[in-house]
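Chain by chain, the residues:
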Amino acid sequence: ILSGFCFFNNVAVAAKHALDTERANRVCILDWDIHHGNGTQDLTFDDPDIFYISLHRLGSNPSTTFYPGTGKPEEVGYGTASGANLNIGWTSCGMGNVEYAAAFSELVLPLLSAYKPDLILISCGFDAVKDDHIGDCNLTPDMYYSMTRSVIKTVGLSVPVVVALEGGYNLDIIPLCMEAVALAMLDEPLDYRKKKKLPLRSAKSVGASSDLFNSLPTELNEKKTNITNNKINNRNERKQTHRRKETRMSILSRLEDGRRELSHLWLHNATNDKQRGYAKNSAIRCINQSMRAIRDAAMWKDSTAVNFSTDIPEQTYETPFSIKTRSRRGQDPLFDTNDTNKRSKLLAV
């Protein structure tokens, strides 16, 4: 392994240890850090009991690469593990909530459901968030909430989910993303602070201060210390109710439940582009490329659990002029001129 950001690959070591100690028979590592986990891939590439899924940047455009430059779609695993490695590598920057929702709904969640892991390990980097100093993508903190919820709902509450913090280079945004993931794992609403009437603090004001809780109002500290036998009991009862429901739910039902978490951005069963959601065509092409590579791998080639028979259609955006943008005189700007050159320039936009 020639490059990386850590001395020990915590997630890969944890996956191997879980298998060696027979605490899990199949492990899925979901890596949404913006950099490809080349070390994780190298350590799991020939292991059919570890399914590595990575969403990362390959480049800023087709002619440039993004560090470390690995994680191509055709790298699907080796030998008996062919199909246990999925790379969704974005070939351009600026990918946002809709693009990630499309990747999850069309590819990540169905494979996760079909693989049936006993343990999920999330390599939880936050460098794909908007305004990160390196990632140059456009995810929002609430999208990390939706992705986490979609994973939990797809695999069910009986499957442990472990989140390992990784990349992220904007200290003002990382705490907001981590809070969103923590709330998703606790099955709490995203507007938890508002509902509980807790003080809203910016990440900048919180910083990394060790006396954070000492600075909160006294009454809030009292509430925090007295909380929560009732709350924990209620949460446990809620989980037991969910588990009873899950025993009656089919795998397909759980998958649809997971997709529903993202349906406000991307609708899998939509009949047209307008209903489905507007993702960048460059992202659709990346997802389709990964889909074609994985469906030809040995693990999934004859599988009936996942249906990847057709590509996702690319988006057919309306031009601004088909929406009838009006000029001041109330006429369509495209035809509000007799100048042929001007009209051709407008059409080329």
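To be clear, the structure that these remarks concern was listed above.
Now for a look at the structure at hand. Quick caveat: nothing in here was measured; it's all calculated off a predicted structure.

As for helix α1 (residues 10-20)
Those residues of α1 that sit buried are Val11, Ala12, Ala15, Ala18 and Leu19. Seen along its axis, α1 keeps its buried residues to an arc of 125°; they face one direction. In α1, the exposed positions that point more than 90 degrees away from the buried face belong to Asn10 and Asp20. In the core, the buried residues of α1 are packed alongside β1 (27-31), α2 (38-44), β2 (50-57), β4 (119-124) and β5 (161-165). The positive-phi residue at the C-terminal boundary of α1 is glutamate 22, with phi of around 60°.

So, the environment of alanine 15
Tracing the chain through its elements places alanine 15 in helix α1. According to the relative accessible area criterion, alanine 15 is buried, its value standing at 0%. Taking the C-alpha atoms as reference, alanine 15 lies 8.9 Å from arginine 26; in sequence the two are 11 residues apart.

Side note on the nonpolar core
Ranked by internal contacts, the top residues of the largest apolar core, which has 64 residues, are Trp90, Tyr100, Phe104 and Tyr144. Elements supplying a minimum of two residues to this core: β1, β2, β3 (85-90), α3 (97-115), β4, α4 (141-155), α5 (174-185) and α12 (281-295). The leading source of residues in this core is α3, at 13 residues. If sequence neighbours within four positions are ignored, tyrosine 144 has contacts with Trp32, Gly125, Phe126, Asp127, Ala128, Val129, Leu139, Cys177 and Val181.

A closer look at the pairing of β1
Burial analysis of β1 places 5 of its 5 residues in the buried class, the great majority of the element. With burial as the criterion, each face of β1 is covered, one bearing Val27, Ile29 and Asp31 and the other bearing Cys28 and Leu30. When β1 meets β2, the two strands line up parallel, connected through 5 bridges. Counted as the bridge partner of leucine 30 is isoleucine 53 from β2. Handedness of the crossover joining β1 and β2 through α2 is recorded here as right-handed. In this sheet, β4 lies alongside β1 in parallel orientation, the contact comprising 5 bridges.

Scoring rules and cut-offs
- Residues numbered from 1 in each chain as written.
- Predicted model: local features only at pLDDT ≥ 70, side-chain atom pairs only at ≥ 80, totals over all residues.
- Heavy atoms only, no water.
- Buried < 20%, exposed > 50% of the residue type's maximum accessible area, 1.4 Å probe, protein only.
- Helix = DSSP H or I, 4+ residues; strand = E, 2+ residues; numbered from the N terminus.
- Arc of directions from axis to C-beta.
- Contact = heavy atoms within 4.5 Å.
- Core = buried A, V, L, I, M, F, W, Y, C linked by side-chain atoms within 4.5 Å.
- Pairing = 2+ DSSP bridges.
- Right-handed = clockwise from strand over helix to strand, strands pointing away.

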